[in-house]
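Next come the chains, spelled out residue by residue.
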Amino acid sequence: MFWPGIQAAIRETCQACRTCAQNLTQRPAEPMQSHVVLWSKVSVDLFSFDGKQYLVTVDHYSDFFTGNLVTEIARHYSNNFFPTKTKTYSVRRCGNNKHEYIFYSNATHISYVSVDGGESTAVLSAQSANLGYDEQNYRLWYFGTVEATLYNANLDASGLETVSVPSTFGQFTVDGVNQNIYYLNENDDTVKSIDYSGKHFPEIAALQGGNEFQDIQIDPYSR
């Protein structure tokens, strides 16, 4: 609850309260705590504006704040809550009916952290992998850029499978509805696709921009 002048109203109420005055000096002030690392302690709140829900996060050390649409919380967490010394190569929001996680890859592993924060957990050994997610079957897909192999597994890393892909396989996205993989062909700037078994389909589109593309996404429900 908030209204203009709330702090002045609280002070006036406390000053007029006899019980407050009697106990004012009986409780020692808590010692000040120093937060010397950015984003080591934050405060968050939700609010609505223009029909949309937002998450606001304030860093206690710098007083810097960010505001994110609730649908962009995954990006918000990837920017602020992953280990600060870890270069993140790919991020995907994954989950099932009970839990939601942010999966991310670094130079050695694929790890996840709950959307509620907490400690991150490494689940797969992979170097600088690109990630995708099949939200229909709750399976994580990743392309090992070193070994040039496409894998998919359950979110707990069980049931690992491999799919044969061409040597020009680049950034990709997973269409769990139709069980296809769409990818950027690194040789000729085209979008191509394969099914879950590795069967190739005709070229979909030629793009302009070349290696400037950093990601690819698809809406499987509006084909």
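Relevant structure appears above.
Let me sum up the structure you'll find in this document. What you see is a predicted model; the values in this text were computed from it and never measured.

So, the overall build of the protein
Scanning the protein from N- to C-terminus turns up 3 helices and 15 strands. Of all 223 residues assigned to the protein, the portion counted as buried reaches 33%. Taking all contacts inside the protein whose residues are at least 6 apart in sequence as the whole, residues at least 24 apart take part in 27%. For the protein, the accessible surface area stands at approximately 14,700 Å², while carbon and sulfur atoms represent 50% of it.

Here we look at the sheet that holds strand β2 (residues 52-59)
Overall, antiparallel pairing links the 3 strands, which are arranged β1-β2-β3 in an open sheet. The sheet is open, and its two borders are formed by β1 (42-49) and β3 (65-69), each paired with just one other strand. The mean angle between the axes of side-by-side strands here comes to 20°, regardless of whether they run parallel or antiparallel. When β1 meets β2, the two strands line up antiparallel, connected through 8 bridges. Along β2, the bridge assignment pairs Val42 with Asp59.

Things to note about the sheet that holds strand β10 (residues 149-154)
Taken together, the 4 strands give an open sheet; going across it, the order is β8-β9-β10-β11, and neighbouring strands pair in antiparallel fashion. Looking at which strands have only one partner, the edges of the open sheet turn out to be β8 (130-134) and β11 (161-163). Recorded for the sheet is a direction-independent mean angle of 25° between the axes of neighbouring strands. Two strands pair when backbone bridges link them, and β8 and strand β9 (residues 139-144) are joined in this way by 5 bridges, in the antiparallel orientation. Across the sheet, the residue bridging to Leu131 is Tyr142, located in β9.

Considering the environment of Glu135
Here Glu135 lies in the loop between β8 and β9. Taking the C-alpha atoms as reference points, Glu135 and Cys94, 41 residues apart in sequence, are found 7.2 Å from one another.

A closer look at the packing of aromatic side chains
Applying the stated criterion to the full structure yields 8 aromatic pairs. Ring centres of Trp141 and Tyr196 lie 4.8 Å apart, and the angle between their planes is 50°; on these two criteria the pair is classed as tilted. Within this pair, whereas Trp141 is found in strand β9, its partner Tyr196 is found in the loop between β14 (190-195) and β15 (205-206), the two being separated by 55 residues in sequence. Here Trp141 and Tyr196 have matching classes, each one buried.

What about unusual backbone geometry?
Of note in the backbone geometry, Ala148 takes a positive phi value of approximately 55° without being a glycine. Summarising the element assignment, Ala148 is placed in the loop between β9 and β10. We note that Ala157 has phi near 80°; this positive angle belongs to a residue other than glycine. Relative to the helices and strands, Ala157 resides in the loop between β10 and β11.

Quick word on the nonpolar core
Membership of the largest hydrophobic core comes to 13 residues, with the highest contact counts inside it found for Phe103, Ile110, Leu140 and Tyr142. Among the secondary structure elements, those contributing two or more residues to this core are β5 (100-105), β8 and β9. When neighbours within four sequence positions are excluded, Ile110 is seen to be in contact with Phe103, Tyr104, Ser105, Thr121, Ala122, Val123, Leu124, Ala126, Ala129, Leu131, Leu140 and Tyr142. Listed in part, the 12 residues of the second largest apolar core include Ile181, Tyr183, Ile194 and Tyr196.

The rules behind these values
- Residues numbered from 1 in each chain as written.
- Predicted model: local features only at pLDDT ≥ 70, side-chain atom pairs only at ≥ 80, totals over all residues.
- Heavy atoms only, no water.
- Helix = DSSP H or I, 4+ residues; strand = E, 2+ residues; numbered from the N terminus.
- Buried < 20%, exposed > 50% of the residue type's maximum accessible area, 1.4 Å probe, protein only.
- Contact = heavy atoms within 4.5 Å.
- Areas by Shrake-Rupley, 256 points an atom, 1.4 Å probe, with all protein chains shown as cover.
- Pairing = 2+ DSSP bridges.
- Axes fitted to C-alpha atoms, helices over the stretch in contact; angles between N-to-C directions.
- Phe/Tyr/Trp six-rings, centres within 6.5 Å; stacked < 30°, edge-to-face > 60°.
- Core = buried A, V, L, I, M, F, W, Y, C linked by side-chain atoms within 4.5 Å.

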